[in-house]
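Architecture at a glance
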Amino acid sequence: NAGVTQTPKFRVLKTGQSMTLLCAQDMNHEYMYWYRQDPGMGLRLIHYSVGEGTTAKGEVPDGYNVSRLKKQNFLLGLESAAPSQTSVYFCASSGLAGVGEQYFGPGTRLTVT
Amino acid sequence: SQQGEEDPQALSIQEGENATMNCSYKTSINNLQWYRQNSGRGLVHLILIRSNEREKHSGRLRVTLDTSKKSSSLLITASRAADTASYFCATPRTGANSKLTFGKGITLSVRP
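Because the structure is predicted, anything quoted here is derived from the model rather than measured. Position labels on residues start from 1 in each chain and follow its written sequence. Going through the entries in the order they are written, you letter the chains from A and number the ligands from 1. A pLDDT threshold of at least 70 governs which residues receive local features in this predicted model, and a stricter bar of 80 or more applies before side-chain atom pairs are shown or counted, although totals over entire chains, interfaces and linings include all residues. The side-chain quantities take in all heavy atoms of the structure and omit both hydrogens and water.

Take the overall build of chain A next. A count of helical and extended segments in chain A gives 0 helices and 11 strands. Start at the N end of chain A and walk to the C end: the helices and strands fall as β-β-β-β-β-β-β-β-β-β-β. In terms of C-alpha radius of gyration, chain A reaches 13 Å, essentially the compact-globule figure of 13 Å for 113 residues. For chain A, the spread of C-alpha atoms along the principal axes amounts to about 35 × 30 × 25 Å. Here the term buried applies to any residue with accessible area under 20% of the maximum for its type, exposed to any over 50%, and partly exposed to those in between, with areas from a 1.4 Å probe on protein chains only. The buried share of chain A, reckoned over its 113 residues, is 48%. Note on conventions: DSSP H or I runs of at least 4 residues are helices, E runs of at least 2 residues are strands, and numbering of each starts at the N terminus. Restricting the calculation to C-alpha atoms gives the radius of gyration, and the globule rule supplies 2.2 Å times the number of residues raised to the power 0.38.

Every residue pair with non-hydrogen atoms within 4.5 Å of one another is taken to be in contact. Each partner contributes residues to the interface: chain A has 23 residues there, and chain B has 22 residues. We define buried area as the total accessible area lost by two parts upon association, computed with a 1.4 Å probe and summed across both. Both faces considered, chain A and chain B share a buried interface measuring about 1600 Å² in area, 53% of it formed by carbon and sulfur atoms. Just to be clear on terms, a salt bridge is a Lys or Arg side-chain nitrogen sitting within 4 Å of an Asp or Glu carboxyl oxygen. Linking chain A to chain B there are 0 salt bridges. Any pair of nitrogen or oxygen atoms within 3.5 Å is treated as a polar contact; in protein, a donor-acceptor pairing is required on top of that, and neighbouring residues in sequence qualify only through side-chain atoms on both sides. Where chain A packs against chain B, one counts 2 residue pairs in polar contact (both at pLDDT 80 or more). For the side of chain A that touches chain B, the secondary-structure elements that each account for two or more residues are β4 (31-38) and β5 (42-49) of chain A. Classification convention: Asp, Glu, Lys, Arg as charged; Ala, Val, Leu, Ile, Met, Phe, Trp, Tyr, Cys, Pro as nonpolar; all other residues, Gly among them, as polar. Of the residues in the side of chain A that touches chain B, the class split is 13 nonpolar, 7 polar and 3 charged.

Residue and element names in this part refer to chain B. Within this structure, the stated rule accounts for 5 salt bridges over all chains. Put simply, R62 and E55 hold a salt bridge, and the shortest N to O gap is 3.2 Å. We classify R62 as partly exposed; its relative accessible area is 30%. R60 is the salt-bridge partner of D83, the closest N and O atoms lying 2.9 Å from each other. With D83 in the loop between β8 (71-76) and β9 (85-93) and R60 in the loop between β6 (55-58) and β7 (61-66), this residue pair connects regions lying 23 residues apart in the sequence.

Hydrogen bonds between backbone atoms are what pair the strands of a sheet, whose relative direction is either parallel or antiparallel. All names here are of chain A. One open sheet holds the 4 strands; their spatial order is β1-β3-β8-β7, and the pairing between them is antiparallel. For this open sheet the edge positions go to β1 (4-7) and β7 (64-67), each flanked by a neighbour on one side alone. Strand after strand, the sheet turns through a mean of 20° between neighbouring axes, direction not considered. For two strands to pair, DSSP has to find at least two bridges joining them. As paired elements, strand β3 (residues 19-25) and strand β8 (residues 73-78) share 6 bridges and run antiparallel to each other. From the neighbouring strand, L21 faces β8, where its bridge partner is L76. To define axes, lines are fitted to C-alpha atoms, for helices over the stretch in contact only, and angles between the resulting N-to-C directions are given on a 0 to 180 degree scale.

With that settled, the discussion passes to the state of the cysteines. Only a pair of cysteine sulfur atoms within 2.5 Å counts as a disulfide in this structure description. Enumeration over the complete set of coordinates arrives at 2 disulfides over all chains. Paired by a disulfide, C23(A) and C91(A) hold their sulfur atoms 1.9 Å apart. Around the S-S axis, the bridge from C23(A) to C91(A) shows a dihedral of about -75° and counts as left-handed. With C23(A) in strand β3 and C91(A) in strand β9 (residues 87-94), the pair connects residues that are 68 residues apart, well separated along the chain. Classification of C23(A) as buried rests on a relative accessible area of 0%. Classification of C91(A) by relative accessible area gives buried; the value is 0%. The residue that forms a disulfide with C23(B) is C89(B), at a sulfur-sulfur distance of 2.0 Å. Judged by the sign of its S-S torsion, about 65°, the cystine formed by C23(B) and C89(B) is right-handed. Taken together, the residues span a long stretch of sequence, with C23(B) in strand β3 (residues 19-24) and C89(B) in strand β9 at a distance of 66 residues.

This part covers the nonpolar core. Nine residue types can take part in a nonpolar core, namely buried Ala, Val, Leu, Ile, Met, Phe, Trp, Tyr and Cys, and a core is a set of them joined through side-chain atoms within 4.5 Å. Grouped together as the largest cluster of nonpolar side chains are 22 residues, with contacts concentrated most on M21(B), L32(B), W34(B), L74(B), I76(B), Y87(B) and L108(B). Among the secondary structure elements, those contributing two or more residues to this core are β3, β4 (31-37), β5 (43-50), β7, β8, β9 and β11 (106-111) of chain B. The contact partners of L108(B), leaving out residues within four places of it in the chain, are L11(B), I13(B), A19(B), M21(B), I76(B), D83(B), T84(B), A85(B) and Y87(B). Of all hydrophobic cores here, the second largest spans 18 residues; its members include I46(A), A81(A), L110(A) and V112(A).

With that settled, consider the side chain of E6(B). Residue and element names in this part refer to chain B. Among the secondary structure elements, E6 is positioned in strand β1 (residues 5-7). Of the buried charged residues, E6 lacks a salt bridge, with K104 as the closest side chain of opposite charge at 8.7 Å. From its side chain, E6 meets the backbone nitrogen of K104 in a polar contact 2.9 Å long. At 2.8 Å, the side chain of E6 forms a polar contact with the backbone nitrogen of G105. Charge assignment in this entry is limited to Lys and Arg as positive and Asp and Glu as negative, and neither His nor the chain termini are counted.

By themselves these figures say nothing about function.
Structure representation (structure tokens):
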């Protein structure tokens, strides 16, 4: 079991460029989440999904889009990157909503110049 | 608004000492979770305590939950240098059990 994997691990973008972050889990989990982590801010939820084909907004969704076409994959897209989106992005999955632990990927460090 | 808030923000202890970290929250919860994050890595789940539990143990970890005070504590006994990490408490969001709210974390440094 690989658990939760994220691609890529590092990326540098110029302002206005677009990219997609891929999250994959092999635990057959229904719930998947995208967070960003910034110094002094803790983890903030961007978007989440409660099952294949569903997505919902989290705490800080502006500037991001997501898709969950397959149960095992959750994609996070930045259509027009801004310096404020420089952050470390974590994907997580959970088999039980709210009452179960979340399993985290290793993170993607994104720098927007 | 922040649901779980940890205290202190940073803690530095000697190897072999015990480390106590606290978390306070604002609204009713059905469980509280603690996670660890090593530098440059993702979060790892440590322990979950349900609202009807008062204390839970896992190896060198002991978690308590006081629902009347809306607080939890994480005790790491006989700390090791490898325990150096950030620790986060997390609680389900009010009315939305599919989401967790994480605190800002406690940075624990264990000196060899």
